[in-house]
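Geometric and topological summary
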Amino acid sequence: MTDFDIRTLRDDEHRAADDLFRETLHAAPNTDTEWERTARAYQPGGSIGAFDPAFIGTARSFDAELTVPGGARLPQAGVTGVGVRADRTRRGVLRAMMTAQLEDFAARGLVFATLGASEAGIYGRFGYGLATRCRTYSIDRHRARLRPDLPFAGEIELMGLDDAVAALPGVYERLEHRPGMMTRPEVLWRLYEGHARRATEVVKSVVHHGPDGPDGFASYSVGGLHEHPWTKKLDVFDMFAGTPAAFAGLWRFLLGIDLVDKIVAPGRPLDEPVELILADHRRGNVDRVGDEHWLRLVDVPKALAARGYGHAAPVVIEVADPLLPANTGTYRITPDGAGRTDEPAALALDVTTLGMLYLGTWRASALATAGRIEVRDPAAPEAADVLFGTRVQSWCGTFF
Ligand SMILES: CC(C)(COP(=O)(O)OP(=O)(O)OC[C@H]1O[C@@H](n2cnc3c(N)ncnc32)[C@H](O)[C@@H]1OP(=O)(O)O)[C@@H](O)C(=O)NCCC(=O)NCCS
């Protein structure tokens, strides 16, 4: 028996939900002006609350599409705004909200749920596996030079926030998606806009125009380093380059901005070759490699059937999903597709581990070494490495 109820929030309860979430992150409640903007980042009907009868917990989601290996885009929920009042934690409120959300996602035919986790220990128990990773890259601008032979083609257009709000969704829309990327619905852009307008530093954006139109953009702000306010640091917090020319052009622009000492770009793909466009690759530093998104396969049969696979011998996997038991079963993975089977399994794993494997970030053999996959046929991990491998590193690049 629970001593709280979970229900979908009415739109007029979203502000209280946002303030509750902010309180769990130790942030101040919204001012009226902030709320006016933040309200537009809430998908109607997309938030739930826990009441005892006080408002004690909340979680929200928005609908988007996830690109899977092979290029298909499938419906996903982006989960965010999760928090439980500090005096009501560790009594099952999050578990109840996560369960309600997943049942709703499954009933609505969503194939995936993704989130960024505040702490690594929270979401695995609900079937979310760490599915994409990223690195924070920093460059000492005074010492870094671009390779002189780097080809450039295209123009950079600098814009303030109002113009960026109008232009960037269209540019993003045009970009080719790597696996792990998601469509950005209106509520997501409004969330970004809200963050940008709330930021203490001025947010600027640049669009790269190639021969076929806009093919990349970057948003950034410049501020004083905390310890040395006279030293300026440029933070790149949203950046996509759809072509090599856009990649080179955007970095050339960023490296050329006056009165900047250090450039920091967090959340970049692991395989983005920033160091290779520098004349001396040691002028760039990887400060950190960390988590990006956690992936929950809500509909395992659809998810497995939708992605492309590498060329290797077929492998049968047994998947366990206690929270959404319809997913539990045995699946045959082949270069031509995947589906349920009655054949004996060569590998056994839970749905959380499948979330780690699905986008190819972690190799099956590494997951087996880490004890996350039970190996029943010693030849299977190597074949699964190839089947689940991806041509480029999966990466989302959208923070929420
Ligand atoms: C994280 C948070 C939502 C958890 O809520 P909660 O109601 O205490 O969680 P529950 O009581 O439902 O716990 C469910 C399980 O998760 C575990 N858990 C909860 N918070 C955890 C944490 N921070 N780290 C590790 N495990 C955690 C519980 O121990 C419990 O484990 P069990 O199923 O093995 O018994 C809450 O502590 C919170 O609001 N934290 C601050 C804001 C935050 O970090 N939000 C998440 C943003 S991504």
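Residues numbered from 1 in each chain as written. Predicted model: local features only at pLDDT ≥ 70, side-chain atom pairs only at ≥ 80, totals over all residues. Heavy atoms only, no water.

Under the convention used in this document: UniProt positions are given in the numbering used here, feature names are shortened, and annotations may be inferred rather than shown by experiment.
Looking at an unreviewed UniProt entry, one finds the chain named GNAT family N-acetyltransferase and attributed to Amycolatopsis heterodermiae. Turning to the chain, the UniProt annotation filed under Sequence similarities (unreviewed entry) states: "Belongs to the acetyltransferase Eis family." For the record of the chain, the UniProt heading Subunit (unreviewed entry) holds the text "Homohexamer; trimer of dimers."

Some remarks on unusual backbone geometry
Note the cut-off: Numbering goes from the N terminus for both helices and strands, where a helix is a DSSP run of H or I of at least four residues and a strand is a run of E of at least two. Burial classification: accessible surface area is computed with a 1.4 Å probe over protein chains only, and a residue below 20% of its type maximum counts as buried, one above 50% as exposed, and the rest as partly exposed.
A cis amide bond, omega 15°, links Asp-52 with the succeeding residue Pro-53. Tracing the chain through its elements places Pro-53 in the loop between strand 2 (47-51) and strand 3 (55-67). Of note in the backbone geometry, His-26 takes a positive phi value of approximately 65° without being a glycine. Examined against the element boundaries, His-26 turns out to sit in the loop between helix 1 (14-24) and helix 2 (32-38). Overall, the relative accessible area of 76% leaves His-26 in the exposed class.

A word on the site of the ligand
What counts is decided by this rule: By convention in this text, a residue qualifies as near a molecule or strand provided that one of its non-hydrogen atoms is within 4 Å of it. In the analysis that follows, any N or O atom pair within 3.5 Å is treated as a polar contact, provided that within protein one partner can donate a hydrogen and the other can accept it, and provided that, for residues neighboring in sequence, both atoms belong to side chains. Residue-level accessible areas treat just the shown protein chains as cover; the underlying method is Shrake-Rupley with a 1.4 Å probe. When residues are grouped by polarity, Ala, Val, Leu, Ile, Met, Phe, Trp, Tyr, Cys and Pro land in nonpolar, Asp, Glu, Lys and Arg in charged, and all others, Gly among them, in polar.
Close to the ligand lie 18 residues; Val-84, Arg-90, Gly-92, Arg-95 and Ser-118 are nearest. Contact distances for the ligand include 3.2 Å between an oxygen atom and a backbone N or O atom of Arg-91. Within the side chain of Arg-95, a nitrogen or oxygen atom sits 2.8 Å from an oxygen atom of the ligand. Expressed as a share of its isolated accessible area of 890 Å², the protein-covered part of the ligand is 75%. Going through the elements one at a time, strand 4 (73-84) and helix 3 (93-107) are the ones with two or more residues in the shell around the ligand. Broken down by class, the residue content of the shell around the ligand amounts to six nonpolar, seven polar and five charged.

Observations regarding the packing of aromatic side chains
To keep it simple, the criterion reads: Working definition: rings of Phe, Tyr and Trp (its six-membered ring) pair if their centres are within 6.5 Å, and the pair is stacked with planes under 30 degrees apart, edge-to-face with planes over 60 apart, and tilted otherwise.
Applying the stated rule across the entire model yields twelve aromatic pairs. Each ring, one from Tyr-123 and one from Tyr-128, has its centre 5.9 Å from the other, and the planes form 70°; the classification is edge-to-face. For Tyr-123, a relative accessible area of 6% gives the class buried. Look at Trp-189 and Tyr-192: their rings are 6.3 Å apart centre to centre, the planes differ by 65°, and that puts the pair in the edge-to-face class. Taken together, the residues Trp-189 and Tyr-192, both in helix 5 (residues 186-198) and three residues apart, mark about one turn of the helix. Of the residues examined, Trp-189 reaches a relative accessible area of 8% and is grouped as buried.

Let's talk about empty space enclosed by the protein
Heads up, the rule is: Site definitions follow a grid-based scheme: protein atoms alone, a 1 Å grid, a 1.4 Å probe that fits but cannot get out for cavities, and for pockets an open set with protein on both sides within 12 Å along at least five of seven lines, plus lining residues having an atom within 4 Å of a point. Grid points are joined across faces, edges and corners, and a volume is the space filled by probe spheres set on the points.
Enumeration over the complete set of coordinates arrives at two cavities of 30 Å³ or more. In this structure, the largest cavity encloses a volume near 150 Å³. Residue lining of the largest cavity: 14 residues in total, with Leu-161, Leu-168, Trp-189, Tyr-192 and Glu-193 positioned closest to the centre. Residue assignment for the lining of the largest cavity shows that the elements contributing at least two residues are helix 4 (161-174), helix 5, strand 9 (203-210) and strand 11 (232-241). Looking at the lining of the largest cavity element by element, the count peaks at five residues for helix 5. Here the residues of the lining of the largest cavity sort into nine nonpolar, two polar and three charged. Each pocket or cavity is described by its volume, and for the second largest cavity that value is around 50 Å³. When its residues are assigned to classes, the lining of the second largest cavity shows six nonpolar, five polar and no charged.

Concerning the layout of surface pockets
Looking at the second largest pocket, its volume works out to about 800 Å³. Residue lining of the second largest pocket: 36 residues in total, with Arg-178, Ala-241, Gly-242, Arg-391 and Val-392 positioned closest to the centre. Those elements giving two or more residues to the lining of the second largest pocket turn out to be strand 11 and helix 6 (244-255). With four residues, the single largest contributor to the lining of the second largest pocket is helix 6. When the residues that make up the lining of the second largest pocket are grouped by side-chain class, the tally is 19 nonpolar, ten polar and seven charged.

Here's the deal with the nonpolar core
Rules: Among buried residues, the Ala, Val, Leu, Ile, Met, Phe, Trp, Tyr and Cys ones that are joined through side-chain atoms within 4.5 Å form a nonpolar core. Either an automatic procedure or a domain database provided the assignment from which the domain bounds are taken. Throughout, a residue-residue contact means that at least one pair of heavy atoms, one from each residue, lies within 4.5 Å.
Membership of the largest hydrophobic core comes to 36 residues, with the highest contact counts inside it found for Phe-112, Leu-297, Leu-304, Ile-317, Ile-333, Leu-354 and Tyr-358. Looking at this core, the elements that each hand over two or more residues are strand 14 (294-297), helix 7 (300-306), strand 15 (315-320), strand 16 (329-334), strand 18 (347-350), helix 8 (351-358), helix 9 (364-369) and helix 10 (380-388). Residue contributions to this core reach at least three from each of two domains, namely domain 1 (5-110) and domain 3 (295-388). Contacts of Leu-297, omitting those with residues within four sequence positions, involve Val-111, Phe-112, Ala-303, Asp-321, Asn-327, Val-351, Leu-354, Gly-355 and Tyr-358. Judged by nonpolar contacts, the second largest core, of 25 residues, contains Leu-102, Ile-122, Tyr-123 and Trp-294.

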